[in-house]
Amino acid sequence: MIRVTTSTIFDRITTQLGQQQARLAETQERISTGRNYLKPSDAPDQVAALDRLESSVRKADQYTKNIAAVNDKLSLQELAITSINDDLIRAKELLIQGANGTLDQTTKEALAIELDSIYNNLISVGNSKDTDGSYLFSGFIQGTPPFSASNDPLIGTFNDFFAGNDAIQTVAIDDGYAIDVGLPGSKLFSGFKDEAGNSTNLFKVIKQATNALRTSDEAGIRSAIDSVSNGFDHVNVKLTQVGSKMRVTETQTQILDERTLTLESMISSVKDLDYISAVTELKNQSLALEAGQASFAQISNLSLFNYIK
């Protein structure tokens, strides 16, 4: 027979009361902090799940920041291309005026001077910079401006005139999903046909049109009108492509926002305390502790004399 002494009974009761007090204190702390658990060892599986969820939120946040940077660049590209389109519309208007055989040379020279201004503006737009100071249309070559007014587009090829390269920057906007952001000047200002079906570029077309006006080359002026129209169509395609990319980033931003809301809700369900359940648990623990303490007090007052009385 195992003999249970009074001291053994007291020790067991004291231990149980201590455990009840510890559980009560833990529940009180959970309520005060609003957390479902106080340390990783309390719920290792939940902690691991929470780490994964929070990592996903951080990734979504980074993709959202990437998209914001992409939109800044695309917006600047859109402004630049719109400016080019406006210049080409005006250039065509000037050339149509210049095609009038009754114009005197003084008037044609005035038209040519305005075309010079358009040419210089194309150079300026081609050297536009991003918010970080990098050239928008230079590809990965950033040491010098991609275009120079001192270069003659009528000499050599476009690559001799263009100081950038054809590299296109891509930016990740989701797991396994990247978008092309860069727009090299070789793709924007070049890559279309003149009236004769030869590959040409905007700088060459405007320079040839200006020379045709100054020399009263009526055939050259008419050819320039067609070349400018082809250039406008080419540039307008690029503008459409930029607009398409901006719609993609808008849709992707919405996707990331919705994903983040879902993840944060899941994080809350893992990490945040259910106050109603916790308060109910606290009340039950308090009652159990009070009952245990009352029983212990009664047992402590017992003695052999009281027992045999």
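This one's a predicted model, so the numbers in the text were calculated from it and none came from an experiment. (Residues numbered from 1 in each chain as written. Predicted model: local features only at pLDDT ≥ 70, side-chain atom pairs only at ≥ 80, totals over all residues. Heavy atoms only, no water.)

Enquirer: What am I meant to see in the packing of aromatic side chains here?
Expert: Two aromatic rings are characterised by how far apart their centres lie and by the angle between their planes. What the rule picks out here adds up to 11 aromatic pairs. Their ring planes at 65° and their centres at 5.1 Å tell us that Phe-147 and Phe-189 sit as a pair that is edge-to-face. Taken as a pair, Phe-147 in the loop between helix 3 (105-126) and helix 4 (158-161) and Phe-189 in the loop between helix 5 (185-188) and strand 3 (190-193) lie far apart in primary sequence, 42 residues in all. Comparing Phe-147 with Phe-189, the two get one shared label, buried. With a centroid separation of 6.4 Å and an interplanar angle of 50°, the aromatic rings of Phe-158 and Phe-161 are classed as tilted. Of the two residues, Phe-158 and Phe-161 are both situated in helix 4; the distance of three residues between them amounts to about one turn of the helix. (Phe/Tyr/Trp six-rings, centres within 6.5 Å; stacked < 30°, edge-to-face > 60°. Helix = DSSP H or I, 4+ residues; strand = E, 2+ residues; numbered from the N terminus. Buried < 20%, exposed > 50% of the residue type's maximum accessible area, 1.4 Å probe, protein only.)

Enquirer: What is the right way to read the nonpolar core from this model?
Expert: The nonpolar side chains of soluble globular proteins are, as a tendency, buried together. With 49 residues, the main nonpolar core has Ile-84, Leu-95, Phe-189 and Phe-203 as its most contacted residues. Apart from residues lying up to four places away in sequence, Phe-189 is in contact with Ile-84, Leu-122, Gly-126, Phe-137, Phe-147, Phe-158, Asn-201, Leu-202 and Phe-203. Listed in part, the five residues of the second largest apolar core include Leu-50, Leu-53, Val-57 and Ile-267. (Core = buried A, V, L, I, M, F, W, Y, C linked by side-chain atoms within 4.5 Å. Contact = heavy atoms within 4.5 Å.)

Enquirer: I keep staring at unusual backbone geometry and nothing clicks. Help me out?
Expert: If a residue is not glycine, its phi is most likely negative; likewise, a peptide bond is most likely trans. We note that Ser-216 has phi near 55°; this positive angle belongs to a residue other than glycine. Looking at the secondary structure, you find Ser-216 in the loop between helix 6 (202-214) and helix 7 (218-271).

Enquirer: Could you clarify how one ought to interpret the environment of Asp-72 in this entry?
Expert: Examined against the element boundaries, Asp-72 turns out to sit in helix 2 (residues 44-98). On the basis of relative accessibility, which here comes to 41%, the residue Asp-72 falls in the partly exposed class. As for Asp-72 and Thr-131, which are separated by 59 residues in sequence, their C-alpha atoms are 7.6 Å apart.

Enquirer: I keep staring at the side chain of His-234 and nothing clicks. Help me out?
Expert: When you line up the elements, His-234 lands in helix 7. Here the side chain of His-234 touches Leu-188 through a polar contact of 3.2 Å, landing on its backbone oxygen. When neighbours within four sequence positions are excluded, His-234 is seen to be in contact with Lys-187, Leu-188, Ser-190, Gly-191 and Phe-192. (Polar contact = N/O pair within 3.5 Å; in protein donor to acceptor, adjacent residues only side chain to side chain.)

Purely spatial values, then, with no claim about function.
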